[in-house]
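Structure at a glance
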Amino acid sequence: MIHTKNLSLCLAALSLVGCATEQQGRQELQLSYGWQFSRDSAQWEEVAIPHDWAIAGPFDKKWDLQTVAIEQNGETEATEKSGRSGALPWIGKGYYRTKINLARNTADARLIFDGAMSEPVVYVNGQVAGRWGYGYNAFEVDLTPYACMGGETEIVVALNNREESSRWYPGAGLYRPVTLVTTGKMRIDEWKTFLRTKSIDGGVSTLLFDGHADGLGEGENASMVVELRDADGHFVSSVDLRIDSCGNAKGTLDVSNPKLWTPETPNLYTAKVSLVVGGLSVDEVSFKTGVRTVAVERESGFLLNGKARKIKGVCLHHDLGPLGAAENRAAFERQVRIMKEMGADAIRTAHNMPSRMQMEVCDSMGMMVMAESFDMWIYPKCKNGYARLFKEWSDRDITNLVCRHRNHPSIIMWSIGNEIPEQGMVEGPENLTRLQDLCHSLDETRPVTQGMDRIEWAIKNNFAQLQDVVGMNYRVHLYEPNIDKLPQGIILGSETASTISSRGVYKYPVEVVADKAYNDGQCSSYDTEYCSWSNIPDDDFAAQDDLPYTIGQFVWTGFDYLGEPTPYDTYWPSRSSYFGICDLAGLPKDRYYLYRSIWNTESHTTHLLPHWTWTGRNGEVTPVYCYTDAPSAELFVNGKSQGKRTKEKDSKLDRYRLRWNDVKYEPGEIAVVAYDADGNETGRDTVRTAGAPAALRLTADKPVLSAKQADMAFVTVEMVDERGTLVPNASDTLVVEVSGAGQFKAACNGDATSLTPFVSNKMELFSGMMVAVVSSNGKVGDIKVRISEPKSGMSKELTLTAK
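Residues numbered from 1 in each chain as written. Predicted model: local features only at pLDDT ≥ 70, side-chain atom pairs only at ≥ 80, totals over all residues. Heavy atoms only, no water.

1. Digging into the pairing of strand β11 (residues 152-161)
- Among the 10 residues in β11, eight count as buried, and that is most of the element.
- Relative to β11, strand β6 (residues 92-101) runs antiparallel, the two being bridged by 10 bridges. Bridging from a neighbouring strand, N101 pairs with E152 of β11. (Buried < 20%, exposed > 50% of the residue type's maximum accessible area, 1.4 Å probe, protein only. Helix = DSSP H or I, 4+ residues; strand = E, 2+ residues; numbered from the N terminus. Pairing = 2+ DSSP bridges.)

2. Comments concerning the pattern of salt bridges
- Overall, the coordinates contain 46 salt bridges when judged by the stated rule.
- Taking the shortest distance from any N to any O, the salt bridge between R434 and D395 comes out at 2.3 Å. Taken together, the residues R434 in helix α4 (residues 428-442) and D395 in helix α3 (residues 390-405) connect sequence positions 39 residues apart.
- A residue is classified by how much of its surface remains accessible, and R434, at 29% relative accessible area, is partly exposed.
- The shortest N-O distance in the salt bridge between R786 and E737 comes to 2.8 Å. Remark: E737 occurs in strand β44 (residues 733-740) and R786 occurs in strand β48 (residues 781-789); sequence separation between them is 49 residues.
- Residue R786 is classed as partly exposed on the basis of its relative accessible area, which comes to 30%.
- On the basis of relative accessibility, which here comes to 38%, the residue E737 falls in the partly exposed class.
- A single salt-bridge network, built from bridges that share partners, covers D108, R110, E140, D142, R187 and D214. (Salt bridge = Lys/Arg side-chain N within 4 Å of Asp/Glu carboxyl O.)

3. Concerning the sheet that holds strand β47 (residues 769-776)
- Across the sheet, four strands lie side by side as β41-β43-β47-β45; this open sheet has antiparallel pairing. Two strands close off the open sheet at either side, each with one partner strand: β41 (695-700) and β45 (742-748). Strand-to-strand, the axes of this sheet are offset by a mean angle of 25°, without reference to chain direction.
- Across six bridges, β45 lies against β47 in antiparallel orientation. Looking at β47, one finds that Q743 is bridged to S775. (Axes fitted to C-alpha atoms, helices over the stretch in contact; angles between N-to-C directions.)

4. Some points on the nonpolar core
- Residues W35, Y96, L143, L174 and M339 are the most contacted members of the largest nonpolar core, which totals 182 residues.
- In terms of residue count, helix α1 (residues 329-342) provides more of this core than any other element does, seven residues in total.
- Grouped together as the second largest cluster of nonpolar side chains are 27 residues, V715, M770, A772 and M794 included. (Core = buried A, V, L, I, M, F, W, Y, C linked by side-chain atoms within 4.5 Å.)

5. Focus on the confidence of the model for the protein chain
- Here the protein chain shows a mean pLDDT of 95. Residues at 70 or above account for 97%.
- Between residues 1-21, whose pLDDT stays under 50, and residues either more than four places distant or in other chains, the model counts 58 contacts. (pLDDT = per-residue confidence, 0-100. Contact = heavy atoms within 4.5 Å.)

6. Focus on helix α7 (residues 537-546)
- Counted residue by residue, α7 has seven buried out of 10 residues, so it is predominantly covered.
- Taken as a whole, α7 has its buried residues at P537, D538, D540, F541, A542, A543 and Q544.
- In the core, the buried residues of α7 are packed alongside α6 (479-482), β30 (491-497), β33 (550-556) and α8 (590-599).

Now the structure itself:
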């Protein structure tokens, strides 16, 4: 048995004195503090939850060094993959422990884990109280049979991360919240509570409700009262539903003149569900919900609230760059803000299940979601991946995914897999049907999809024809030859592009080329490089514009992530991806502005590349690109016109970009002026040759933090010359110091080849930039952030506030 020592956690809110015959009210407490962690169950350290034990590093190729052939990339021979899962020490066992005090009259106590990486086993007072197989899923453990009511209860969580169990960095530990829920014997089962929109017709929306109560006695006079209030707290609708002999309640609510949920108007309501027994409310749960409908039709495509729209989505891994897998609301909100400003309206949680916090953020900020489940079924893609668990756990995992998240209006579809090899195998259709039917049985309002990368196999196997929504990963050239073979009549780009680039890096000559690798482990930011199985963004833009049966796309990926450093799978020290529209630090690459120029229809985009600070390129051809929503623009080099360019529909690279391919480099400045179809100026951009480094520029994503340890600010650091021009080749090592009501959390420069630990307060600039992450520390007051460059003595301070 695991050795533990006393650790006291005082839960005053839950240690209420009461008569054992009283019905205790529901109380919830997120167990963030009072935990200890150990890798060997002998030496312990205090930690806060969420916690990723591996993100501190160090980076080393020995961690999960794999010699494999990645079939999804078309490889047939095994090679050494040194950074496939992030080159961080996530493999092995880990243990967490804490102690809680429960009130004597606690009739029911449960722990809800929103995710534990991985294969968690939960001990309560030395006994196994529960376990789960999949590290990405939420699960519940009933403490009641094992806890000491009125006394101290010890909780120990044992985790085991196996080698070659992931194709990317999975993180390690209790990386998502752990919540303690106590109730009386008679309680509402939250996971069986479901409120959804049935119809919106003539200014009236009809909502359907299902609920379930546990602990009722035979013949108990019980009902569920469902009350709906708007964002201002005003009463909207209610219904009182009789509970049947099985503990179930079903009914409808009508909402007049509903405020509909959309990405542009993410209107939310608060639903309060009360369990009423003998005229008294004995339990209550509340949650946010939205009024909206989702449909996919052959004739109209994807419909939100009855209106057709094409999805402008991105795929996101669960890691938060330098924070690793440890969940943080401020960090995820920042990602959503950046993507929404680009014009994106959807996220695919690839390739794993989301957390409750992520879905709450998407609900409130207006981001549609494809909620994905797992990356493999029976056939393994890596030796110890989910295929080991599929037969035993897949039904339970799908059930928890749907039941945990189905009240979130942001979720528009469920995904039951990604690039499943069984799409071309005999057992594939049977497993697809089983999982899809299970989703439908738990939620009849949303379609089901998955990402298929072998569409011709899937059609021949009668696999693709069975899916609600045909999701195709890449292979845009196969849309047209196969659409007539699909009875659904629609195609979703479930994973698109996989263009590769490094922020601020440009390679010459500029080529449209697959699998290009360079000696420095970087990729060109001209956005013309991709993988053998993927393409550049222009192909997907054209498919969405020209093919009426396409219903949108999810670009791989919104942000770089740890692991999968294609095309440098065999190159060390590459340890993170190049696919992101933004880099690992969250800084936009040039490609961000290409997508913004197409997707953001609320404001103009005018963006020039490359940078204009070169040594040894005088007189050499240095192509200049402009990403703009305008149809035409004129380029100037040191005031001299290089001509006006207009987008050309019949030219792949000139349909969505404006290019001047024959520009010869000369120091100074390049400037562009963009014009609409009537010749009116819509925007301009200027890029100058940088002088010597002269100062540091600091910009925080927000000036005020909540005085809670979980809140964070992201400070962008730039090296600039005396005129404020970014020095794009600066690589100085900077020192981050934080004092006052905050603390240093992490630093990241977006360089996929950097081996500097994220937790180090010394970080080198990459392409002249980096990001420092600052956390509040529970105090109220000023947070002083000081960034310095020791060699030159250069420094800059920024003051934030914690309230």
